[in-house]
Amino acid sequence: FFNYWGRIPKELEQNGAVIYYGKHESAASIADSADELCHRIRRIVEKSGCEKLNIIAHSKGGLDCRYAIDRLGIGDCVASLTTVNTPHRGCEFADYLLNKISPKIKNKVADTYNRALKRLGDENPDFLAAVGNLTASYCEPLDREMKTPDGVFCQSIGSVLKKSKSGKFPLNFSYHLVKYFDGKNDGLVGEQSFSWGEKYTLVTNGKKQGVSHGDIIDLY
């Protein structure tokens, strides 16, 4: 119902790429999402005969793909993994929210989010499982445990907002909260959490507003 990747797929196709999408649940634990992606990747490789894929993964998708490669053995089907604004070391902001907000409010927010995602096509969304796997307390040890895979080119991309009002809702609201806990951020994830792999690129646009968590993938 919305164009998650904006103009990026068309640009890739114009340069010779064949595009496939993950089509996995948008709110699930990293382990569950990784399992879904493993099956999807195997099917794509078998159907296309391509042998290996180049994966571009945004936000939590980068953690899902790393887990699929490191823990579930899908690395033989992957030529490269590019993570975009992925919280490799998690978000301290998420730890604060989950620890400070009352169970009643957390469950209410989760129920609202899960109902909305079901209307958009997810079969079994689990908001709290997804957010719980984005905390610094969960991601930091996971990041240390998961190794950079042999034979897979790994790189990461990140960006930062410079002014909160430049981010579309709710990033304009969360920007200051994330800044308090995680420093420079894209409205959702701290810049210090983006870097991973053989190469890290911080994307800037030369403008005063910076580049948000949504802007980086041309979300509109």
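The numbering scheme is per chain: residues are counted from 1 as the chain's sequence reads. Since the coordinates come from a predicted model, pLDDT governs what is reported: local features require at least 70, and pairs of side-chain atoms require 80 or more to be given and counted, while whole-chain, interface and lining totals use all residues. Excluding hydrogens and water, the side-chain figures rest on all heavy atoms present in the structure.

Every helix listed is a DSSP run of H or I at least four residues long, and every strand listed is a run of E at least two residues long, numbered separately from the N terminus. Scanning the protein from terminus to terminus reveals eight helices and four strands. Along its sequence from the N terminus, the protein presents helices and strands in the succession α-α-β-α-β-α-α-α-α-β-α-β. This radius of gyration counts C-alpha atoms alone. The globule rule is 2.2 Å times how many residues there are, raised to the power 0.38. A compact globule built from 220 residues would reach a C-alpha radius of gyration of about 17 Å, and the protein, at 17 Å, matches this within 12%. C-alpha atoms of the protein, sized along the principal axes, occupy 50 × 40 × 35 Å. Residues counted as buried form 44% of the 220 residues belonging to the protein. It only takes one pair of heavy atoms within 4.5 Å for two residues to be counted as in contact. Across the protein, every contact between residues at least 6 apart in sequence was considered, and the portion connecting residues at least 24 apart equals 77%. For each residue, the accessible area found with a 1.4 Å probe, counting protein chains only, is set against the maximum for its type, and the residue is called buried under 20%, exposed over 50%, and partly exposed in between.

Positionally, isoleucine 216 belongs in the segment after β4 (199–203). A relative accessible area of 14% places isoleucine 216 in the buried class. A C-alpha to C-alpha distance of 7.9 Å links isoleucine 216 and asparagine 85, two positions 131 residues apart in sequence. Residue contacts for isoleucine 216: discarding those within four places in its chain leaves Ile8, His58, Val84, Asn85, Ile157, Ser159, Val203 and Val211.

What follows covers the sheet that holds strand β2 (residues 78–84). A sheet is described by the order of its strands in space; here four strands give the open sequence β1-β2-β3-β4, paired in parallel fashion. The sheet is open, and its two edges are formed by β1 (53–58) and β4, each paired on a single side. Taking each pair of neighbouring strands and ignoring which way they run, the sheet shows an average axis angle of 15°. Both β1 and β2 contribute to a ladder of six bridges, which runs parallel. Across the sheet, the residue bridging to leucine 53 is valine 78, located in β2. Axis definition: a line fitted to C-alpha atoms, limited for helices to the stretch in contact. Angles are taken between N-to-C directions and run from 0 to 180 degrees. Across the sheet, helix α3 (residues 60–70) touches β1 and β2, and the angle it forms with β1 is around 140°. A pair of strands is labelled paired if DSSP reports no fewer than 2 bridges between them.

This part covers the pattern of salt bridges. Every case where a carboxyl oxygen of Asp or Glu lies within 4 Å of a side-chain nitrogen of Lys or Arg is listed as a salt bridge. Overall, the coordinates contain seven salt bridges when judged by the stated rule. Here arginine 7 makes a salt bridge to aspartate 218, at a shortest N to O gap of 2.7 Å. Here arginine 7, found in the segment before α1 (8–14), pairs with aspartate 218, found in the segment after β4; they are 211 residues apart in sequence, far enough to count as distant. By relative accessible area, which is 16% here, aspartate 218 ends up buried. Through salt bridges with shared partners, a single ionic network connects Arg66, Arg89 and Asp143.

It is worth spelling out the nonpolar core at this point. Ile41, Ile55, Ile74 and Leu81 are the most contacted members of the largest nonpolar core, which totals 26 residues. Listing elements by their share of this core, those giving two or more residues are α2 (30–48), β1, α3, β2 and α7 (136–145). Non-local contacts of isoleucine 74, meaning those with residues more than four positions away in its chain, are made with Cys38, Ile41, Arg42, Ala68 and Ile69. In plain words, nonpolar cores are sets of buried Ala, Val, Leu, Ile, Met, Phe, Trp, Tyr and Cys residues tied together by side-chain atoms within 4.5 Å. Trp5, Val84, Val211 and Ile217 belong to the second-largest nonpolar core, a separate cluster that totals five residues.

So, about a nonpolar patch on the surface. Two distance rules govern patches: like charges are joined within 9 Å, and nonpolar side chains (Val, Leu, Ile, Met, Phe, Trp, Tyr) within 5 Å, applied only to residues with over 30% relative accessible area and no salt bridge. Every accessible area reported is derived by Shrake-Rupley at a probe size of 1.4 Å, with residue values counting cover from the shown protein chains alone. The grouping of Ile101, Ile105 and Val109 at the surface amounts to a nonpolar patch, some 230 Å² of accessible area in total. By the secondary structure assignment, isoleucine 101 is in the loop between α4 (92–100) and α5 (103–119).

Turning our attention to the environment of alanine 34. Positionally, alanine 34 belongs in helix α2. For alanine 34, a relative accessible area of 0% translates into the label buried. Separated by 105 residues in sequence, alanine 34 and cysteine 139 have C-alpha atoms that sit 15 Å apart.

Turning our eyes to something else, we now look at the layout of surface pockets. Only protein atoms enter the 1 Å grid, on which a cavity is a set of points fitting a 1.4 Å probe that cannot get out and a pocket is an open set with protein on both sides within 12 Å along at least 5 of 7 lines, lining residues being those with an atom within 4 Å of a point. Grid points are joined across faces, edges and corners, and a volume is the space filled by probe spheres set on the points. Roughly 230 Å³ of volume is contained in the second largest pocket. For the second largest pocket, the full set of lining residues is Trp5, Arg7, Ile8, Ile56, Thr82, Val84, Ile157, Val203, Asp215, Ile216, Ile217 and Asp218. Any residue outside Ala, Val, Leu, Ile, Met, Phe, Trp, Tyr, Cys, Pro, Asp, Glu, Lys and Arg is labelled polar, Gly included; the first ten of those are nonpolar and the last four are charged. The class makeup of the residues in the lining of the second largest pocket is eight nonpolar, one polar and three charged.

The description of two helices packed together rests on the angle between their axes and the distance between the axes. It is the contact of α4 with helix α8 (residues 171–182), at a shortest axis distance of 8 Å, that shows an interaxial angle of 105°. By the angle between their directions, the pair α4 and α8 is classed as roughly perpendicular. Along the contact surface, α4 presents Glu92, Phe93 and Tyr96, while α8 presents Leu177, Val178, Phe181 and Asp182. Class assignment of the residues belonging to the contact of α4 with α8 gives a composition of five nonpolar, no polar and two charged. Each angle is binned into one of four classes, with values under 35 degrees roughly parallel, values over 145 roughly antiparallel, values of 65 to 115 roughly perpendicular, and all other values oblique.

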